[in-house]
Amino acid sequence: GTLKVDLTEEEGSDGNTISHSQTLVQRLEALLVQGNGSDVSLRVETPNADEVKVIQAHSLVLSLQSQVFEEMLLSRNSSTMVLRESSDCAAVFDKFIRYLYCGDISLRLDQATPLHKLASKYQVQSLQQGVTQYMTQNLARDSPSGHVAGWYEYALQAGDVVLRDSCLQYLAWNLSMVLQSGEWVTISNQLLMTLLQRSDLVLQSEMELFAALEAWIIQNEPDGLTVENALRAVRYAMMPPRELFHLQTQSTVLARYQESVRDLLYMSYQFHSASPLQMAKYFDLNCSLFVPRNYLSTVWGSPWIINNPTRDDRSTSFQTQLGPSSHDASKRVTWNALFSPRWLPLSMRPMYTETGAMQPTRVEGGRPRIIITPATSSADFAGVNFQKTVLVMAQHHGKLIVKHVYNFHQSTEENGDFLAEANLYRRTSDYLIDSSLFLHVVVKPLYQTLITNKN
């Protein structure tokens, strides 16, 4: 056992307690392994399989850990309980039972789903929550055929909202990487449409998305309605005319289904040929076709690596195209970005010292902030609202992934939680890569008639 200080002293004690909890766990594990004192046999059977797994267990332990087991034990009429499990659950059932005795578990990526199934079935909430946490922390791990899409489908079926949303967010924010993996062509029709309808997808360009969609269609050969719905979710107006011409002449899928998207292609060509504001006088442009996603192309933003981000204020400049329309293709906007590691909001800042001098805006105890403003004003800005998006990168399991996405008009102060969880002073922080903060700034031009309907 170990001797440790207990800060919550009991009456009459001197503040010290003796703990043999580790020894107790070891004895419980030995009880399970050796089967001593067992009063119930768990017979684990799988459908259409001759193999049967038998585990000698103890009804007291099972009842304490699982209400489902408690009810089953009360209603049993023999010392053997037959449990029918799927083959994947049966393969990890001994691990599951060991957790009930010892309170810890070691697992691999391929064991996460069956263990979550067992924890859910037998209502072992601590294990269920622990496996969900393991899965959300290992989305970026390498696996032979990919696992995030499979975990998403399972979470959807199991009703695990936390896991479902974590998987979907990872897929959306790291879509370029997903598109290049073998997992992409295995995703379901439902997940495909869920992703295609989002405006927060992070990828190089809309053309990259179309190429991946075409590969998915060729691989899966879905029904015609599925293909049409997927093709109509592509934002063709975000492609320059040269790419649209290429699609119409080279894409075998588009050649077959061109009639189903003819109206979208026609509107896209019109969008590129005239001023968007002029076009809005005659056509209803209030739809997702004209809303950019988070494109990593240098046309729409710039990476920004901030070395030693706690040291002092930093600034950078970059250019973007005024808008996605070819009418604006030759027009550039220069942006100035300022990063402050310790900035205090005006509402929290004492305005004057005793001598009446203004306090500095950057003080100890403040929080990180980014301000992005145009270097000049222009009449071309009329009718355009520029949404700024900052992608915060992190390194997980050797991969550079998007950890957070922040949207704002001018300053991250509008979010209120920009890097709120980040400890930039700790060298081992998840937010730092080689002591640097890796960001990518995206500027999304949104025409004001579209703002009310953007995702």
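Use the structure listed above.
Parameters and conventions
Residues numbered from 1 in each chain as written. Predicted model: local features only at pLDDT ≥ 70, side-chain atom pairs only at ≥ 80, totals over all residues. Heavy atoms only, no water. Helix = DSSP H or I, 4+ residues; strand = E, 2+ residues; numbered from the N terminus. Polar contact = N/O pair within 3.5 Å; in protein donor to acceptor, adjacent residues only side chain to side chain. Contact = heavy atoms within 4.5 Å. Phe/Tyr/Trp six-rings, centres within 6.5 Å; stacked < 30°, edge-to-face > 60°. Buried < 20%, exposed > 50% of the residue type's maximum accessible area, 1.4 Å probe, protein only. 1 Å grid on protein atoms, 1.4 Å probe; cavity = no way out; pocket = protein on both sides within 12 Å on 5 of 7 lines; lining within 4 Å. Points joined across faces, edges and corners; volume = space filled by probe spheres on them. Nonpolar A, V, L, I, M, F, W, Y, C, P; charged D, E, K, R; others polar. Pairing = 2+ DSSP bridges. Axes fitted to C-alpha atoms, helices over the stretch in contact; angles between N-to-C directions. Core = buried A, V, L, I, M, F, W, Y, C linked by side-chain atoms within 4.5 Å.

1. Quick notes on the side chain of Thr 320
And then number 1: By secondary structure assignment, the location of Thr 320 is in strand E9 (residues 314-321).
And then number 2: A polar side-chain atom of Thr 320 sits 2.9 Å from a polar atom in the side chain of Trp 335.
And then number 3: Those residues within four positions of Thr 320 in sequence are excluded, and the remaining contacts are Val 299, Trp 300, Gly 301, Lys 331, Arg 332, Val 333, Trp 335 and Val 443.

2. Observations regarding the packing of aromatic side chains
And then number 1: A complete count under the given rule lists nine aromatic pairs for this structure.
And then number 2: Centre to centre, the rings of Phe 271 and Phe 290 are 4.9 Å apart; their planes meet at 50 degrees, and the pair counts as tilted. Of this pair, Phe 271 sits in helix H15 (residues 252-273) while Phe 290 sits in the loop between helix H16 (276-279) and strand E7 (294-295); the two residues are 19 residues apart in sequence, bridging distant segments of the chain.
And then number 3: What makes Phe 271 buried here is its relative accessible area of 0%.
And then number 4: With a centroid separation of 4.9 Å and 75 degrees between ring planes, the pair formed by Tyr 406 and Phe 418 is classed as edge-to-face.

3. As for the layout of surface pockets
And then number 1: In this structure, the largest pocket occupies an estimated 410 Å³ of space.
And then number 2: Along its surface, the largest pocket is lined by 16 residues, and Thr 136, Leu 139, Gln 169, His 396 and Lys 403 are the ones closest to its centre.
And then number 3: Of all the elements in the fold, those that place two or more residues in the lining of the largest pocket are helix H7 (125-137), helix H9 (161-173) and strand E13 (399-408).
And then number 4: Counting residues per element, the lining of the largest pocket draws most heavily on H9, at five residues.
And then number 5: A per-class count over the lining of the largest pocket returns six nonpolar, seven polar and three charged.
And then number 6: Considered as a void within the structure, the second largest pocket measures approximately 310 Å³ in volume.
And then number 7: As for the second largest pocket, its lining consists of 20 residues, and the residues nearest its centre are Met 238, Pro 240, Arg 242, Val 299 and Trp 300.
And then number 8: Of all the secondary-structure elements, those providing two or more residues to the lining of the second largest pocket are helix H12 (206-220) and helix H14 (241-250).
And then number 9: Per element, the largest residue contribution to the lining of the second largest pocket is three residues, and it comes from H14.
And then number 10: Taken together, the residues of the lining of the second largest pocket sort by class into 10 nonpolar, seven polar and three charged.

4. Focus on the sheet that holds strand E11 (residues 367-374)
And then number 1: Pairing in this open sheet of three strands is antiparallel, and the strands run E9-E10-E11 from one edge to the other. The strands lining the two open edges of the sheet, one partner per strand, are E9 and E11. Sheet twist, expressed as the average angle between the axes of neighbouring strands with direction ignored, equals 20 degrees.

5. What to know about the side chain of Lys 399
And then number 1: Position of Lys 399 relative to the elements: it lies in strand E13.
And then number 2: Among the polar contacts made by the side chain of Lys 399, one reaches the main-chain carbonyl oxygen of Ala 140 at a distance of 3.1 Å.
And then number 3: Apart from the residues lying within four places of it in its own chain, the contact partners of Lys 399 are Ala 140, Arg 141, Asp 142, Met 177 and Ala 394.

6. Notes on the environment of Val 40
And then number 1: By the secondary structure assignment, Val 40 is in strand E3 (residues 40-45).
And then number 2: By relative accessible area, which is 2% here, Val 40 ends up buried.
And then number 3: Residues in contact with Val 40, not counting those within four places in the same chain, are Ile 55, Gln 56, Ala 57, His 58, Ser 59, Leu 62, Leu 73, Arg 76, Ser 79 and Met 81.

7. What about the nonpolar core?
Buried together is how nonpolar side chains tend to be arranged in soluble globular proteins.
And then number 1: Phe 93, Phe 96, Ile 97 and Tyr 236 are the most contacted members of the largest nonpolar core, which totals 130 residues.
And then number 2: No other element matches the eight residues that H15 contributes to this core.
And then number 3: For Tyr 236, the residues in contact, after removing those within four places along its chain, are Phe 210, Leu 231, Leu 244, Leu 247, Leu 254, Val 261, Leu 264, Leu 265, Ser 268, His 272 and Leu 289.

Worth remembering: the numbers are spatial, not functional.
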